[in-house]
Amino acid sequence: MDWKITLSEPDITKAELKAVTDVVKSKWFTMGAVTIEFEKKFSEMLGVKHAFAVTNCTAALHIANLALNIQAGDEVIVPALTFVATANAVKYTGAEVVFADSVSGTDLTVSAESIEKAITKNTKAITIVHYAGFPCEMEKIMKVAKKHNLFVIEDCAHSSFGKCRIKNKIVSLGTIGDIGCFSFFSNKNMTTGEGGMIVTDNDMLAEKIKLLRSHGMTTLTYDRHKGHQSGYDVVALGYNYRIDEIRSALGIVQLSKVIKNNAKRRELYKYYYICLKNNKNVIFPFADFEIELSTPHIMPIIVKERCNEIKSALKNSGVQTSKHYDLIPNFTLYRKSRFASKVKYIDNIITLPLYPQLSKKNIKFICGIINDN
Ligand SMILES: Cc1ncc(COP(=O)(O)O)c(C=O)c1O
């Protein structure tokens, strides 16, 4: 379909084109100097000791679970409201996924209270998601994790370079739990097409992650090419979750503008709020959050009534929308019994367009349609 206003759009300029062309000209495609530079820059910007670039965030989440020794017989608590990859990454290990609910109708992130209620003697870890780019209640969640001796994986697919307050200190999302996982999928706040990053401050976990990313091998092709190493041993059952130099080159350029683009996303999120705040049919999530710390990735609203009519009106005007998300426990693969969220109207989420290049004129147009329906 030829949309007048698409749901998302990557910010790609000549700089990305040049970065990719330079890699192609270099004739070195697999993980090498460009990836090392990308990882170094990412870890420095985030303020974390170790960062490993990987094929995508799903791979990052998979090896995060493996590095924490999650296995059959264990349970991992995951938000019901997230993309299915957050749960699938647990299931790959043979462990059981247990779902937790959102905080409220306006804070759709997973609640510490719901997490604590879901804990059993088999619970080993919690994966939280900074949904839509808004931080979870990390102070409370870390308290629950500490009390019950649980690992915490932060799924930061929506929240590259977001922050939150813990004990009045501002900290980077992805560095609070044991491991942070990032996505650079094409609609994300920074993109490499497909791609991801896994970060940790823990040296032992970093060693495991490094092995799991590349077949459990003790050296890389690049190490051998550089003459640093001549052979390798295989010491773990690893995967091929390596990124390539083309994506890393894109990542370096995208890193240079992610902070500016996150600011633009915040500005547009606030503008949506101005345009919709008087509409009694619309619940506007995260309106009372400390927006300056967040990284609005998607623009979800909840409508009380006429959800289908509003979606059709937007579609008929050429505005692409989506839904983030259908609750995972109600998908066939995960369904045991119907998951009843305490969030009223949670089935009526409509995701509206949001990306740095979106004009305020177009936001006004989108909100006009919603307000007229
Ligand atoms: C919350 C969340 N987790 C994980 C993923 C998976 O990311 P990727 O597509 O990089 O594997 C996504 C992707 O959209 C996501 O939104």
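Just so we're clear, the structure is a prediction, and the values are computed from it rather than from any experiment.

## Brief notes about the overall build of the protein chain
Per the secondary structure count, the protein chain includes 11 helices and 12 strands. For 373 residues, the compact-globule estimate of 2.2 N^0.38 gives 21 Å, and the C-alpha radius of gyration of the protein chain, at 21 Å, lies within 12% of that figure. Over its C-alpha atoms, taken along the principal directions, the protein chain stretches across nearly 70 × 55 × 40 Å. Relative to its 373 residues, the protein chain shows a buried fraction of 55%. Sequence-distant contacts in the protein chain: of pairs separated by 6 or more residues, those separated by 24 or more amount to 74%. For the protein chain, the accessible surface area stands at approximately 16700 Å², while carbon and sulfur atoms represent 53% of it. Between the centroid of the 49 positive side chains of the protein chain and the centroid of its 37 negative side chains there is a distance of 3 Å.

## Overview of the site of the ligand
Close to the ligand lie 17 residues, the nearest being T58, D155, H158, S183 and K188. Taking D155, its side chain carries an N or O atom lying 2.7 Å from a nitrogen atom of the ligand. Breaking the shell around the ligand down by element, the ones donating at least two residues are α3 (57-67) and α4 (84-91). The greatest single-element share of the shell around the ligand, amounting to three residues, is contributed by α3. A class-by-class count of the residues in the shell around the ligand yields eight nonpolar, seven polar and two charged.

## Structural notes on the sheet that holds strand β10 (residues 282-283)
Note: strands within a sheet are paired through backbone hydrogen bonds, in either parallel or antiparallel orientation. In spatial order, the strands read β10-β11-β12; together these three strands make up an open sheet with antiparallel pairing. Only two strands of the sheet have a single partner each, and these edge strands are β10 and β12 (349-352). Strand direction decides the pairing type here: strand β11 (residues 299-303) and β12, joined by four bridges, are antiparallel. Of the residues in β12, the one forming a bridge with P300 is T351. Here helix α10 (residues 307-316) sits on the sheet and contacts β11 and β12; the angle it forms with β12, its principal contact strand, is near 20°.

## Focus on the sheet that holds strand β9 (residues 196-200)
Judged by pairing direction, the sheet is mixed, and its seven strands sit side by side in the order β1-β9-β8-β5-β4-β2-β3 without closing on themselves. Bordering the open sheet on either side are β1 (50-54) and β3 (96-100), each of which pairs with just one other strand. Across the sheet, the mean angle from the axis of one strand to that of its neighbour is 20°, orientation sign disregarded. Alignment of β1 against β9, held across five bridges, turns out to be antiparallel. Each residue of the ladder has a partner; that of A53, found in β9, is M197. Of the strands in this sheet, β1, β2 (75-79), β4 (123-129), β5 (151-155), β8 (179-183) and β9 are in contact with α3, which crosses β8 at around 165°. Packing against the sheet, α4 makes contact with β2, β3, β4 and β5, and its axis sits at approximately 145° to β3.

## Here we look at the packing of aromatic side chains
Summed over the entire model, instances satisfying the criterion amount to 17 aromatic pairs. Geometrically, the ring pair formed by Y131 and F286 is tilted, given 6.2 Å between the ring centres and 40° between the ring planes. Of this pair, Y131 sits in the loop between β4 and α6 (138-147) while F286 sits in the loop between β10 and β11; the two residues are 155 residues apart in sequence, bridging distant segments of the chain. No difference in accessibility class separates Y131 from F286, as the two residues are buried. Seen in terms of ring centroids, Y239 and Y241 are 5.1 Å apart; in terms of plane orientation they differ by 10°. Their pairing is stacked. Aromatic rings pair up to connect F83, Y131, F134, Y269, Y273, F284, F286, F289 and Y325 into one cluster.

## Notes on unusual backbone geometry
H324 connects to Y325 through a cis peptide bond whose omega is 10°. Positionally, Y325 belongs in the loop between α10 and β12. Its identity as a non-glycine residue notwithstanding, F286 has a phi of 65°, on the positive side. Of note in the backbone geometry, Y345 takes a positive phi value of approximately 65° without being a glycine. Position of Y345 among the secondary structure elements: in the loop between α10 and β12. Classification of Y345 as partly exposed rests on a relative accessible area of 29%.

## Details of the environment of M299
Positionally, M299 belongs in strand β11. Each C-alpha atom of the pair M299 and L354 lies 6.0 Å from the other, and the pair is 55 residues apart in sequence. Each residue touching M299, except ones within four places of it in the same chain, is listed here: Y269, Y272, F284, I350, T351, L352, P353 and L354.

## Here's the deal with the domain arrangement of the protein chain
Partitioning the protein chain into domains gives domain 1 (14-254) and domain 2 (259-372). Of note, the centres of domain 1 and domain 2, computed from C-alpha atoms alone, are 26 Å apart. On the domain 2 side, the residues contacting the 40 residues of domain 1 number 34 residues. Here domain 1 and domain 2 share an interface that buries about 3200 Å² over both sides, 64% of which is from carbon and sulfur atoms. For the pair domain 1 and domain 2, the number of links is two salt bridges. The closest approach of N and O atoms between E290 and R165, which form a salt bridge, is 2.6 Å. Contributing elements (two or more residues each) for the side of domain 1 that touches domain 2: α4, β3 and β6 (163-166). Across the side of domain 1 that touches domain 2, the residue classes break down as 19 nonpolar, 14 polar and seven charged.

Reading the values: rules and limits
Residues numbered from 1 in each chain as written. Predicted model: local features only at pLDDT ≥ 70, side-chain atom pairs only at ≥ 80, totals over all residues. Heavy atoms only, no water. Helix = DSSP H or I, 4+ residues; strand = E, 2+ residues; numbered from the N terminus. Rg over C-alpha atoms; globule rule 2.2 N^0.38 Å. Buried < 20%, exposed > 50% of the residue type's maximum accessible area, 1.4 Å probe, protein only. Contact = heavy atoms within 4.5 Å. Areas by Shrake-Rupley, 256 points an atom, 1.4 Å probe, with all protein chains shown as cover. Lys, Arg positive; Asp, Glu negative; His and termini not counted. Charge placed at Lys NZ, Arg CZ, Asp CG, Glu CD. Near = heavy atom within 4 Å. Polar contact = N/O pair within 3.5 Å; in protein donor to acceptor, adjacent residues only side chain to side chain. Nonpolar A, V, L, I, M, F, W, Y, C, P; charged D, E, K, R; others polar. Pairing = 2+ DSSP bridges. Axes fitted to C-alpha atoms, helices over the stretch in contact; angles between N-to-C directions. Phe/Tyr/Trp six-rings, centres within 6.5 Å; stacked < 30°, edge-to-face > 60°. Domains from an automatic or database assignment. Buried area = accessible area lost by both parts, 1.4 Å probe. Salt bridge = Lys/Arg side-chain N within 4 Å of Asp/Glu carboxyl O.

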